[in-house]
Amino acid sequence: MADPFRFLRSVMSHQPRYLSPECTLVEVTQRTFQGRFLLKPSQALNELIVGALARAAQRFPVDVVYPAFLSNHFHLLLRSETQKVLSDFMEYFTSKAAREICRLYGWEGCVFPQPYKVREISGEEAVQVERLHYLMSQGVKEGLVASPLDWPGVHGVQALLEEQPLSGIWHDRTAEYNARRNGRPVRSEDFVQPESLELSPL
C-alpha cells in the first residue's frame, strides 16, 4: 500500500548548526512553501500548533520563550543549550505541524521545504528585550492588525499579559490509525488530548 504521506518525507533535513558556547537564546524563523498561506489562522490550526509545540518541549530540553505565527511564516524565541537539541526539537515540531496542516487544509505538497533560519541572541538584556519586542510586533508591523492581541493566530502576548499557558491539543494519529486498522469503533475525538504550553521568561 502506498504511503499516503510520502510527500511529507520530502521535507529537507536541517543541516547541523553551530551555536556559540555562551549562547543559549535563539530566534528561529521558518517559512512555508513559496510563502503560501499554509499557516492561515483558525482555532483548529492554532490548537494543533500549540499542542505540537507543547509536546516537543516535553520531549526535548528546549524552553519556548515566545511564539509568533503569521500566515506564511513563524518565529520562535527558544532557549536551547546545543544545536543538536534545537535540531531535534524543530524536526519533531515541524513534522507534526506539517502533517496536521496537510490534513486540515487538504494540502498535498511540502509545507516547509527550506531549512529554518537560526539567529543567536546575545546575553545582553537590551538585545534580548529588543528581539522579544520584535516578535511581539508580528502582525502589527505588517499593518495586519492594530494590536498583537487582535491577531487570530498563535501569538504569545495574551499569555504573557495574563501569565497563563497557551492551550492546545495533541491528536494521536498513530493510536487512531491502529484502532481503525483493528476494526474497533473509532471516534476521532477519543484520540485528542489537551496540552498546555507555558512560556519561559527571558
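Whatever comes next refers back to the structure up there.
On a predicted model such as this, the values are computed, not experimentally measured, just so you know. (Residues numbered from 1 in each chain as written. Predicted model: local features only at pLDDT ≥ 70, side-chain atom pairs only at ≥ 80, totals over all residues. Heavy atoms only, no water.)

**Q** How do you make sense of the sheet that holds strand E3 (residues 73-79) when you look at a structure like this?
**A** Sheet strands pair via backbone hydrogen bonds, and the direction of the pair is either parallel or antiparallel. Read from one edge of the open sheet, 4 strands run E2-E3-E1-E4, paired in antiparallel fashion. Here the strands that pair on one side only, and so sit at the sheet edges, are strand E2 (63-69) and strand E4 (117-121). On average, each strand axis in the sheet is inclined to that of its neighbour by 20 degrees, with strand direction left out of account. When E2 meets E3, the two strands line up antiparallel, connected through 6 bridges. If you follow Val64 over to E3, its bridge partner there is Leu78. Helix H3 (residues 125-136) rests against strand E1 (25-31), E2, E3 and E4 of the sheet, and its axis sits at about 150 degrees to E3. (Pairing = 2+ DSSP bridges. Helix = DSSP H or I, 4+ residues; strand = E, 2+ residues; numbered from the N terminus. Axes fitted to C-alpha atoms, helices over the stretch in contact; angles between N-to-C directions. Contact = heavy atoms within 4.5 Å.)

**Q** What's the story with the packing of aromatic side chains in this structure? I'm lost.
**A** Taken as a whole, this structure holds 7 aromatic pairs when the rule is applied. Judged by centre distance (6.1 Å) and plane angle (75 degrees), the ring pair of Phe69 and Phe93 falls under edge-to-face. With Phe69 in strand E2 and Phe93 in helix H2 (residues 83-105), this pair connects stretches of sequence that are 24 residues apart. Like Phe69, the residue Phe93 is buried in the burial classification. A ring pair is formed by Phe74 and Phe112, whose centres lie 5.8 Å apart and whose planes are at 85 degrees; its orientation type is edge-to-face. Of this pair, Phe74 sits in strand E3 while Phe112 sits in the loop between H2 and E4, and the two are 38 residues apart along the sequence. Phe112 carries the same exposure label as Phe74, and that label is buried. Linked through ring pairs, Phe69, Phe74, Phe93 and Phe112 together constitute an aromatic cluster. Above the face of the Trp170 ring, Lys96 is positioned so that its terminal group lies 4.4 Å from the ring centre. (Phe/Tyr/Trp six-rings, centres within 6.5 Å; stacked < 30°, edge-to-face > 60°. Buried < 20%, exposed > 50% of the residue type's maximum accessible area, 1.4 Å probe, protein only. Lys NZ or Arg CZ within 6 Å of the ring centre and 35° of its normal.)

**Q** When you look at the environment of Phe69 in this model, what are you seeing that I'm missing?
**A** Look at Phe69 and you get buried, because its relative accessible area is 2%. Taking the C-alpha atoms as reference points, Phe69 and Gly139, 70 residues apart in sequence, are found 8.9 Å from one another. Excluding its chain neighbours within four sequence positions, the residues that come into contact with Phe69 are Leu39, Ile49, Leu53, Phe74, Leu76, Phe93, Trp151, Gly153 and Val154.

**Q** Teacher, can you tell me more about the side chain of Glu100 here?
**A** Within the secondary structure layout, Glu100 lies in helix H2. Here Lys96 takes part through its side chain, which lies 2.7 Å from a polar atom of the side chain of Glu100. Setting aside residues no more than four positions away along its own chain, Glu100 makes contact with Leu48, His171 and Arg173. (Polar contact = N/O pair within 3.5 Å; in protein donor to acceptor, adjacent residues only side chain to side chain.)

**Q** Sorry if this is basic, but what is going on with unusual backbone geometry here?
**A** With the exception of glycine, the majority of residues adopt a negative phi angle, and the majority of peptide bonds are in the trans configuration. Residue Gln34 is not a glycine yet carries a positive backbone phi of 55 degrees. Tracing the backbone shows Gln34 in the loop between E1 and helix H1 (43-59). Residue Gln34 is classed as exposed on the basis of its relative accessible area, which comes to 59%. One non-glycine residue, Glu163, lies in the positive phi region at around 50 degrees.

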